[in-house]
Amino acid sequence: MTTDTQTWTAVCAAGDILPDTGVCALVDGVHVAIFRVGQEPSLFAIDNVDPKAGASVLSRGLVGSLGERIVVASPLYKNHFDLRSGECLEAPEHSVRAHAVRVEDGRVLVALA
């Protein structure tokens, strides 16, 4: 038996995030970018602050893929962040945290890493 010890925060309705876009939410004081990829929603959550710029902008980046990786391109410096891991592909030292995300009763919930 496993116990879910994570603290889950509701951030929006699942339908509020359009396919292949992101939104920003403030979760326990942390700016989090939540992305919906595809029509059948695959949801991902990473820190929203671009570490190179210090600006809360990753949720506004372009979602796509590089090889097998689903990524978002920062709108400022165009670095690519893996949506599963938060790794910055061009500069790993600029990686961000990836957070747990799920849908429950039509609401998107995020648990900080």
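Please read all numbers here as calculations on a predicted model, not as lab measurements. (Residues numbered from 1 in each chain as written. Predicted model: local features only at pLDDT ≥ 70, side-chain atom pairs only at ≥ 80, totals over all residues. Heavy atoms only, no water.)

A. Inspection of the pattern of salt bridges at higher detail. Tallied over the full model, the rule gives 4 salt bridges. For the salt bridge of Arg 97 with Asp 47, the shortest nitrogen-to-oxygen distance reads 3.3 Å. Note that Arg 97 is positioned in the loop between β9 (80-82) and β10 (98-104) and Asp 47 in strand β4 (residues 42-47), a separation of 50 residues in sequence. Given a relative accessible area of 35%, Arg 97 falls into the partly exposed group. One network of salt bridges, with partners in common, ties together Arg 69, Asp 82 and Glu 87. (Salt bridge = Lys/Arg side-chain N within 4 Å of Asp/Glu carboxyl O. Helix = DSSP H or I, 4+ residues; strand = E, 2+ residues; numbered from the N terminus. Buried < 20%, exposed > 50% of the residue type's maximum accessible area, 1.4 Å probe, protein only.)

B. Main features of the packing of aromatic side chains. All chains considered together, the criterion is met by 0 aromatic pairs. Above the face of the Tyr 77 ring, Lys 52 is positioned so that its terminal group lies 4.6 Å from the ring centre. Note that Arg 102 overlies the ring of Trp 8, its terminal NZ or CZ placed 4.0 Å from the centroid. (Phe/Tyr/Trp six-rings, centres within 6.5 Å; stacked < 30°, edge-to-face > 60°. Lys NZ or Arg CZ within 6 Å of the ring centre and 35° of its normal.)

C. Structural view of the sheet that holds β9. Spatially, 3 strands are ordered β7-β8-β9 in an open sheet, and the strand pairing comes out antiparallel. Each having just a single partner strand, β7 (62-66) and β9 make up the two edges of the open sheet. Each adjacent strand pair in this sheet contributes to an overall mean axis angle of 40°, direction not counted. For strand β8 (residues 69-73) and β9, the ladder comprises 3 bridges, and the chain directions are antiparallel. (Pairing = 2+ DSSP bridges. Axes fitted to C-alpha atoms, helices over the stretch in contact; angles between N-to-C directions.)

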